[in-house]
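Survey of secondary and tertiary structure
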Amino acid sequence: KAGVTQTPRYLIKTRGQQVTLSCSPISGHRSVSWYQQTPGQGLQFLFEYFSETQRNKGNFPGRFSGRQFSNSRSEMNVSTLELGDSALYLCASSSEWGTDTQYFGPGTRLTVL
Amino acid sequence: AQSVTQLGSHVSVSEGALVLLRCNYSSSVPPYLFWYVQYPNQGLQLLLKYTTGATLVKGINGFEAEFKKSETSFHLTKPSAHMSDAAEYFCAVSEAGNTDKLIFGTGTRLQVFP
């Protein structure tokens, strides 16, 4: 079974732009979570979607948003990029909401110049 | 609120030596506990997890961890380090029934010397 895939793997943007990252979960998985990883703040939970509904949300500003489609694929969007948004963005999927192990993708490395 | 503390941001061991990575948690509800490993330029791979039941949990690649409620600890061990174990290790906690929101520790980078 194919793992979690994230596209693109690398992205360079400039301040003020917006960006959309994509995540395809493992086949059959319905829950998708997003995390931001930076050297200074470590791994932080962004939000989680299950059956197209946001179930959990972390402590991030409204510039960070996401959605999930009927095929469980998820996107996250960051608007008005800031230098501090440079990070590795990780997506994870699980088969059932709240009770199953999360499996992580390789991440998207976002650099904001 | 839940939190995780990993003692030691860097740990160095010789090949063949015992690996011990420390993790303490804080949780007002019974926690689920996880250890993940991250190799350079890769995502996170689950090593092992504790949910309920047996407190000694065995994972992949010869790692194991023991849940000690009285000490609020979940330390990761491996009897004999291998060069391929060099990576960053993250301890994480979640609430039971809310495993899609993980709270991570700051990570421990393990170096293995020949």
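The following paragraphs examine the structure supplied in this document. Starting afresh in each chain, residues are numbered from 1 along the sequence in its written order. Just so you know, chain letters begin at A and ligand numbers begin at 1, following the order they were written in. Local features in this predicted model are restricted to residues of pLDDT 70 or higher, and side-chain atom pairs are both shown and tallied only at a pLDDT of 80 or more, whereas totals for entire chains, interfaces and linings draw on every residue. In computing side-chain values, all of the structure's heavy atoms are included and hydrogens and water are not.

Regarding the environment of L90 of chain A
Note the cut-off: Only runs of H or I of at least four residues qualify as helices and only runs of E of at least two qualify as strands under DSSP, and these elements are numbered from the N terminus.
Tracing the sequence through the fold places L90 of chain A in strand β9 (residues 87-94). The spatial distance from the C-alpha of L90 of chain A to the C-alpha of E52 of chain A is 19 Å, given a sequence separation of 38 residues.

Topic: the state of the cysteines
All names here are of chain B. Here is the rule we go by: The disulfide criterion used throughout: a pair of cysteine sulfur atoms within 2.5 Å. Exposure is judged per residue with a 1.4 Å probe applied to protein chains only, and the accessible area is read against the type maximum: over 50% gives exposed, under 20% gives buried, and values in between give partly exposed.
According to the stated counting rule, one finds two disulfides over all chains in the structure shown. Between the sulfur atoms of C23 and its disulfide partner C91 the distance amounts to 2.0 Å. Linking C23 and C91, the disulfide has an S-S dihedral of approximately -60 degrees and is accordingly described as left-handed. With C23 in strand β3 (residues 19-26) and C91 in strand β9 (residues 87-95), this residue pair connects regions lying 68 residues apart in the sequence. Residue class for C91 comes out buried when judged on its relative accessible area of 0%.

Considerations on the pairing of strand β3 (residues 19-24) of chain A
Residues in a regular strand project their side chains so that they alternate between the two faces of the sheet. All names here are of chain A. As a reminder, the rule being used: A pair of strands counts as paired when DSSP detects no fewer than two bridges linking them.
As defined by bridge partners, strand β1 (residues 5-7) adjoins β3 across three bridges and the pair is classed as antiparallel. Residue Q6 lies in a different strand from β3, and its bridge partner there is C23. Two strands pair when backbone bridges link them, and β3 and strand β8 (residues 74-78) are joined in this way by five bridges, in the antiparallel orientation. If you follow C23 over to β8, its bridge partner there is S74.

Things to note about the nonpolar core
Defined as follows: Among the buried residues, those of types Ala, Val, Leu, Ile, Met, Phe, Trp, Tyr and Cys that are joined through side-chain atoms within 4.5 Å form a nonpolar core. Note on contacts: a residue pair is in contact if any heavy atoms of the two residues lie within 4.5 Å.
Formed by 26 residues in total, the largest nonpolar core has its most connected members in W35, L47, L48, F74, L76 and Y89 of chain B. Those elements giving two or more residues to this core turn out to be β2 (10-14), β3, β4 (31-38), β5 (44-50), β7 (64-68), β8 (73-78), β9 and β11 (108-113) of chain B. Dropping the residues within four chain positions of it, L76 of chain B is found in contact with V19, L20, L21, W35, L47, L48, F63, E64, A65 and Y89 of chain B. In this structure, V4, L11, V19 and Y49 of chain A belong to the second largest nonpolar core, which totals 21 residues.

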